[in-house]
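Fold and contact review
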Amino acid sequence: MKKYNFIVFFLFITLNLVSQTIKGSVNDSLGQPVFANILIKKNKTTKNVIQYTVTDDMGKFNMSLNQPLDSLTIEVSSYGYKSQKHSIILSNSNKQKYSFAFVLKDELNKLNEVVLKTNKRIQIKNDTTIYNPNAFKDGTERTVEDLLKKLPGIEVKTNGEIKFKGKSIKKLMLDGDDLFGSNYTIGSRNINVDLIDNIQGLDNYEDNPLLKGLQDTDDVALNIVLKKGKTDFSGNSDLHYGIENRWKLYTSGLLVNKKVKAFSLISYNNIGDNNSKYDLNSELLIQNIDRKRLNAKSLLTEGYFGSILDDSFHSMNSSFFNSNNAIFKLFKKSSLKVNFGIYANELNRINESFTEINDGTSQIDFFNIERLTKSPKIFSSQVLFSNKEKDSLHWEYSGVLTNENTTFKNKSNNNSTQQLGRLQSEVLNTFHNFNIVSRTNRNTAIEGIILYNYSQAPQSLIITPGTIFDSSSNIELESQDSEFQKHSLQSKIGVIGSKGFLKYNISSGYNYFYSKLNTALSSTQNESNSSLNNDMSYAVNSLYFFPKSSFRFNKGLLKLGINVQHNTLTYHDKINDLEIDKTDIILSPNLSFNYEFSKKVSANAIYSYNELLPEEDKLYSNIIQTNFRSFSSNTVDLRYIKTNQLSTKFKYYDFFKRTTILLEGNYLFNKGNYFNQSIINEDITVNSNFYNPAINRSYNVLLSYESYFHFLRSTLKLDTSYTIALDKNVINNSELREVESKNLQFSFMIRSGFKSNFNVENISNFERNTFEAINQTNQILSFRNQFKTIYKLSKRFYSTTILSYISPDLTKSTNYTFLDTKLVFNTLEQRIQIALVGKNLTNNKKFETVSVNDYSRSRLSYNLIERYVLLNLSFSF
């Protein structure tokens, strides 16, 4: 037996000693690794391949020949490169290991200036980055958003906002069609990931094809390319039900053909899940800042429902959401897009807070308990008709109508004073936009825009018993009515052109804004008191001329612009008999410079100067009650806020090596601003805004780094930012105080991509907030860590476990641990999925956070959704 073992061992060693090994590397002319096919043939003339392999992510290969050969030919090929062949004779050599280094040259062909770099995961073609989804999946993804979070160069914020190469995307398209508009979270959070063929990241994105090449744009967008032949009609349905009466019903459908592209979904749940375009507090997840400024403001508050925790831990909801989105191809180059949806919810929450106020001379404490119920109902609709029948003339019309009704109830206990508050709010927004573009010749286009927006926000608050505003005169306030109305009319005509290295955009137009506010605050004494009412109107007429130009030279791009405005302001306060008329000419220059050191490395600097008009919510002078203990007012002033902003950015992107580095700095200098004066006692808080020509500044530095380390088979991501803000305020009749706030945020993520059944992801977050004023310092340090494991028991059976550790205040011993698990089974065709979900298994019933500013420190606690287990049945069709 020992003799037999020795012979086997001897033969094994001998075979390994005489086996022939071929290894080497493949790179392009720049030294970058290339994904290539390695073919082994007996000679140059034969077509028969006797053995083959491919290079890894580093462009290397290593193979042992299956049979001994006297000679062979190695052929190396890769798309976009010229193939190479190398013949060697093995019989005349005693070597058994052979090493080669191949350098492939670009293959010249007529591809309209397409440059292609390829590997298993990412391709780059001009301004388009193409991601292969299968290379990044681990089997746990359900939606587009789940996949986007794993793609290098793409970041998904907690509110659903998507960034590509550090910039917020302008659109998320479906096969080139903008089905969802600015509400793209409907698509990213609900489209099944199995329908995706690839995802395209688009640099220098231009929305209107007639303007392509006429102006330099920094916009980015994403395009989801669907699998062909599988998406004529498809859908998903989920049914969740578990203990403690937890449930979710969800279904969605996607229709794609030559004439119609449509997506529809219905969701109904009480587990804090959110498939809508709103956060569960009924605010839009992703706000269009320009559109938001056009809307009338709601002045009375509807409670606090926010949290650093995911909605599924704290949002005690009963939510219904229906969204319908469709594009109809009416003619060859014209389409009609229709979006409409309904959202209804009921949120419940118990907030307990203890606040310590230190104004520098005395200490004030107060304790509040609030039992909140909020029930928003929202109807939204949009229609967009786009006509592109003529090659040189495109026009489109878009209209939006949104109506929101919200009932908010608050049972409060303010320092043992119990009150019941009921607030009824309504928001109506209408928006109309007509845009036309004519390409007059190869180098010139003319653009015209007319925009009209009307918005109103009536609110009515009743508090029982009323709030005592002045204890000496015993004035008790019990009801507040408020209604903002706002009209906006904007028009613009511009000439856009290009000539050599120069591109220009010369526009002029007229803008009109009109706001009106009426408020009435009633007391139990039923005494007529005009100081408790507001009747204010505010109008801005603005003529402007705005020439912009850009100069491209070598690797640099210089952009210049100056906005010249002639503003006429008209303000009328009927209650206080105050009228202000003001005319100004404003010059607002801006400058940017971008330099590309290489295809991977670039830097830019931007400077802008603006003079900002006061917002209408800073222009009412008499008092308004915003909730059971808070009041607000303003000292009216129509002076401008003069802002200087400078930002610099350094970017390094190497998608082939999956490495991203972003270093950014921002500086903001304001001359004149609206500052806050607060009068605070145990019972009420009165905030008043006033203008002061003082200077305030802020500084911000941001560093983001992401890279894939092949030897670890893992992706590492680091984000850190540091902000210093210099501000001013007045507390309880103090002098104007200098306030310095500092915020440090640090986030580190590591995600493994092992070719095994087990993978992990860990995300750590640290934050420090510091406020300093008049020898007072308040500071809070917090830490969060989330550790996720993914274990595949088989191709159809996997589990995920998430362990979260949170320390809201590192100086205290109050810490929280959350444990969530999910066990998933997929059928053979992967059309049906069965899952067992466990949420908050550590059964945390309450969560407490700490917040600070320059004069106060507050502890806020709120109730959580207690431990539950769900059985989930999902199927696709």
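Structure first, text after, so check above.
The notes below deal with the structure included here. (Residues numbered from 1 in each chain as written. Predicted model: local features only at pLDDT ≥ 70, side-chain atom pairs only at ≥ 80, totals over all residues. Heavy atoms only, no water.)

1. Considering the pattern of salt bridges
Put simply, the rule reads: Any carboxyl oxygen of Asp or Glu that lies within 4 Å of a side-chain nitrogen of Lys or Arg is treated as forming a salt bridge with it. Secondary structure elements are taken from DSSP: a helix is a run of H or I of four residues or more, a strand is a run of E of two residues or more, and numbering for both begins at the N terminus. Burial classes: relative accessible area under 20% of the type maximum marks a residue as buried, over 50% as exposed, and values in between as partly exposed (1.4 Å probe, protein chains only).
Tallied over the entire structure, the rule returns 33 salt bridges. Measuring nitrogen to oxygen at the nearest pair gives 3.1 Å for the salt bridge that ties Glu616 to Lys486. Note that Glu616 is positioned in the loop between strand 32 (601–612) and strand 33 (624–625) and Lys486 in strand 27 (residues 475–499), a separation of 130 residues in sequence. Residue Lys486 is classed as buried on the basis of its relative accessible area of 6%. The partner of Asp654 in a salt bridge is Lys600, with the nearest N and O atoms 3.0 Å apart. A residue pair is termed long-range when its members are at least 10 positions apart, and Asp654 in strand 35 (residues 641–654) and Lys600 in the loop between strand 31 (578–596) and strand 32 qualify at 54 residues. What you see here is one network of salt bridges that share partners, running through Lys171, Asp178, Asp207 and Lys337.

2. So, a positive patch on the surface
Note the following rule: Each patch is built from residues that are more than 30% exposed by relative accessible area and take part in no salt bridge. Like charges join if they lie within 9 Å; nonpolar side chains (Val, Leu, Ile, Met, Phe, Trp, Tyr) join within 5 Å. In short, Shrake-Rupley with a 1.4 Å probe defines the accessible areas, and a residue's cover is counted only from the protein chains shown. Charged residues are defined here as Lys and Arg on the positive side and Asp and Glu on the negative side; His and the ends of the chain fall outside this count. To locate a charge, take NZ of a lysine, CZ of an arginine, CG of an aspartate or CD of a glutamate.
On the surface, Arg371, Lys409, Lys411 and Arg422 cluster together into a patch of positive charge. Relative to the helices and strands, Lys409 resides in strand 24 (residues 393–414). With relative accessibility at 39%, the residue Lys409 sits in the partly exposed group.

3. Section: the sheet that holds strand 13 (residues 167–168)
As a reminder, the rule being used: Pairing between two strands requires that DSSP report at least two bridges joining them.
In space, the three strands of this open sheet follow the order 11-12-13, with antiparallel pairing throughout. Looking at the sheet topology across the chains shown, the edges are occupied by strand 11 (154–156) and strand 13. In the sheet, strand 11 pairs with strand 12 (residues 162–164) via three bridges, with the strands oriented antiparallel. Bridging across to strand 12, Ile154 finds its partner in Phe164.

4. Focus: the pairing of strand 32
Pairing analysis gives seven bridges linking strand 31 to strand 32, with the strands arranged antiparallel. Bridge pairing links Asn590 to Ser608 in strand 32. Hairpin remark: strand 31 followed by strand 32, antiparallel, with four residues in the connecting loop. Looking at chain direction, strand 32 and strand 35 are connected through 12 bridges and run antiparallel. Of the residues in strand 35, the one forming a bridge with Tyr607 is Leu646.

5. Regarding the sheet that holds strand 5 (residues 71–77)
Two strands in a sheet stick together by hydrogen bonds in their backbones, pointing the same way (parallel) or opposite ways (antiparallel). Quick note on the threshold: Here, axes are lines fitted to C-alpha atoms. For helices the fit covers the stretch in contact, and angles between N-to-C directions go from 0 to 180 degrees.
Strand order across the open sheet formed by four strands is 3-2-5-6, with antiparallel pairing between neighbours. Each having just a single partner strand, strand 3 (51–54) and strand 6 (84–89) make up the two edges of the open sheet. This sheet shows a mean twist of 20° between the axes of neighbouring strands, independent of strand direction.

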